[in-house]
Amino acid sequence: MKADELQTLIAQGESLTLEFKSDRAPLADDEMVEALVCLANHQGGTLLVGVEDNGTISGLHPKHQSAPGALAGFIASRTVPPLSVDVEFVDAPPGKVAVIETRAARQLVSASDGKVLVRYQDAHGKPGCRPLYPHEWTGWRADRGQTDYSAQPIEGISWQELDPLEFARLRHMVEENRGDSILLSLSDQDISRALGLAVESDGQLVPTVAGLLLVGKESTLCQFLPAHEVAFQVLRGLDVAVNEFRRGPLLRTLEWVLESFQVRNEERELNLGLFRVGVPTYDRRGFREAVNNAFIHRDYTRLGATHIQIHDDRIQISNPGGFVQGVVPENLLVTEPHPRNPRLADAFKRIGLVERVGRGVSIIFAGQLRNGRTAPDYSRSTLTSVTVTLPGGHADLKFVELLVTEENRRQKTFNVSELLILAHLWHERQIDTATATRLTQRGETEMRAAIEALVEMGLVEARGGRQGAQLSSECQCLSRPGAACLVCAHTRL
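As the structure is a prediction and not an experimental result, all values here were calculated from the model.

Let's shift gears to the state of the cysteines. Evaluated as defined, the whole model comprises one disulfide. At a sulfur-sulfur separation of 2.2 Å, the disulfide partner of cysteine 38 is cysteine 129. Torsion about the S-S bond of the cysteine 38 and cysteine 129 cystine: about -105 degrees, corresponding to left-handed handedness. Placement of cysteine 38 in helix α2 (residues 29-40) and of cysteine 129 in strand β8 (residues 127-131) is noted, with a sequence separation of 91 residues between them. Take cysteine 38: its relative accessible area is 0%, and that puts it in the buried class.

With mixed pairing, the five strands of this open sheet are ordered in space as β12-β11-β15-β16-β17. Of all strands in the sheet, those with a lone pairing partner are β12 (239-246) and β17 (385-391), marking the two edges. Averaged over neighbouring strand pairs, the angle between their axes works out to 10 degrees when direction is ignored. Strand contacts of helix α10 (residues 284-297): β11 (230-236), β15 (306-310), β16 (314-320) and β17, with the helix running at about 15 degrees to β16, the strand carrying the most contacts.

Assignment of secondary structure puts threonine 208 in the loop between β10 (204-207) and α7 (209-215). Those residues in contact with threonine 208, other than ones at most four positions away along the chain, are Ser150, Ala151, Gln152, Pro153, Ile154, Gly196, Leu197, Ala198, Val199 and Arg343.

Across the sheet, which stays open at both edges, the four strands sit in the order β1-β2-β5-β4 with mixed pairing between neighbours. At either margin of the open sheet sits one strand with a lone partner, and together these are β1 (18-21) and β4 (85-92). Sheet twist, expressed as the average angle between the axes of neighbouring strands with direction ignored, equals 20 degrees. Sheet topology places strand β2 (residues 44-49) next to strand β5 (residues 95-103); six bridges connect them, and they run antiparallel. Paired with glycine 44 across the bridge in β5 is arginine 103.

A word on helix α11 (residues 342-351). Along α11, the residues that are buried comprise Leu344, Ala345, Ala347, Phe348, Arg350 and Ile351. In this structure, the buried side of α11 is in contact with α5 (164-176), α6 (188-195), α7, α9 (250-262) and α10.

All right, on to the pattern of salt bridges then. With the rule as written, the count across this model stands at 27 salt bridges. The partner of glutamate 269 in a salt bridge is arginine 276, with the nearest N and O atoms 2.6 Å apart. For arginine 276, a relative accessible area of 46% gives the class partly exposed. Shared partners join several salt bridges into a network, and the residues in it are Glu166, Arg169, Glu218, Arg252 and Glu255.

Here six bridges tie strand β13 (residues 267-272) to strand β14 (residues 275-280), and the two strands are oriented antiparallel to one another. Paired with arginine 268 across the two strands is valine 279, which belongs to β14. The hairpin turn running from β13 into β14, its antiparallel successor, is two residues long, and glycine 273 in that turn takes a positive phi close to 65 degrees.

When the pLDDT values of the protein are averaged, the result is 88; 93% of them are 70 or greater. Low confidence marks residues 466-493, where pLDDT is under 50. Its contacts with residues over four positions away, or in another chain, come to 83 contacts.

Each value, and the rule that gives it
- Once a new chain begins, its residue numbering starts again from 1 and follows that chain's sequence as written.
- Reporting in this predicted model follows two pLDDT cut-offs: at least 70 for local features of residues, and 80 or more for side-chain atom pairs to be given and counted; totals over whole chains, interfaces and linings ignore these cut-offs and use all residues.
- Side-chain figures throughout are based on the complete set of non-hydrogen atoms in the structure, without hydrogens or water.
- Cysteine sulfurs are considered disulfide-paired once they come within 2.5 Å of each other.
- In this text, helices come from DSSP runs of H or I with a minimum length of four residues, and strands from runs of E with a minimum of two, each type numbered from the N-terminal end.
- Buried, partly exposed and exposed residues are distinguished by accessible area as a fraction of the type maximum, computed with a 1.4 Å probe on protein chains only: under 20%, between the cut-offs, and over 50%, respectively.
- Here, any two strands with at least 2 DSSP bridges between them count as paired.
- Note on geometry: axes are lines fitted to C-alpha atoms, helical ones only across the stretch in contact, with angles between N-to-C directions running from 0 to 180 degrees.
- We call two residues contacting when some pair of their heavy atoms lies within 4.5 Å.
- Salt-bridge detection follows one rule: a side-chain nitrogen of Lys or Arg within 4 Å of a carboxyl oxygen of Asp or Glu.
- The quantity known as pLDDT measures the predictor's confidence residue by residue, on a range of 0 to 100.

Right, dumping it as structure tokens:
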């Protein structure tokens, strides 16, 4: 690393993956080790020793200037298991800075005195370190795909704690949602074996966490999985119109949530010649996927309810437990499915409640855009919770008309990438490949293919060179002779 690169890094300020430590005193050995343990137990990151909290370079103390290799060896000797780090000294006026990089730990790392720390953000958004408590270890491992909490058998309960009525509900849902039809011919016990809702132990079937969540008796759920709770709230400005909490099994709870949502989901009519198109305030399929995602991905070891909140202009769905490792809002559309609770996720798929190919997020996006509304927003998510906002408000019926007309003409629905590009063009009139790549989260090659397909349809026009390609929907949408342009209202273009 060069001095100017170091200055650029420092200018970013401290974050969850970057920490500054002053070495004037000098820095205590324990404090250096704990800072690296903290970073490794989160996402990995960089520790800059010799930099003040405000970003001023004060330099390394002579104690730490022996050699990068010696410093790396010292850190390995003071961590359990030994933490491998990359150390580099960078000369930057007025002194040297130690740049120490660590990767994300695959197993919990502690200081040699047993301290286990993890990076976090406080209420003011400032990064820091805190203890990782024993009850959080299961969730930490689940975030990294190292354990499946939902597959664990629950000691202290028997097969009788699963409710036969919930098995009947499960079969009904399999039929209704065209799930795995093999389940329909199985007994309750065989369904449990097939879906991993119970496991054999000493010749007895013992319910797993997934089994108790899906088909367990409510009283047993409250006793053995006290963190499980679902809240359905309707908020009218500052007034709370509905505020209901349920702690029953997930299949019953899902039916309740969908019924409560549907009676409040108003629909407008769009007439296109001989066709009538219903435009709901919120896409039912997308809403169901969002709720199911909250159930499947929540951290059932963490207290707090899964909240479904209907506001005047939006729906917010949140669940305890942040994104699993490797997943961020910027790659949600393209990342491989990585549920926090694989056993529970598999059961939802085989019942037919969620997409078996892991396209749930795409369905949420497509449902919003196809109904003339803006894309889902995950920006309210934090390290400890995931929140998706589904914007409501007035639908852009002209945009819906464009989509329906074109899909009927070509006998093919738009994919999510095409919908995102068209929605952006509809409001901004132009887009470049860099913006399209960011919006769709796709690679440039795939993005160019999507753009070319839209050009071939006559919906958009390519402008500029290959490197600075521009697209414009202005006076181009439905630009065939005799067709009305929905952008500029001209009849012939």
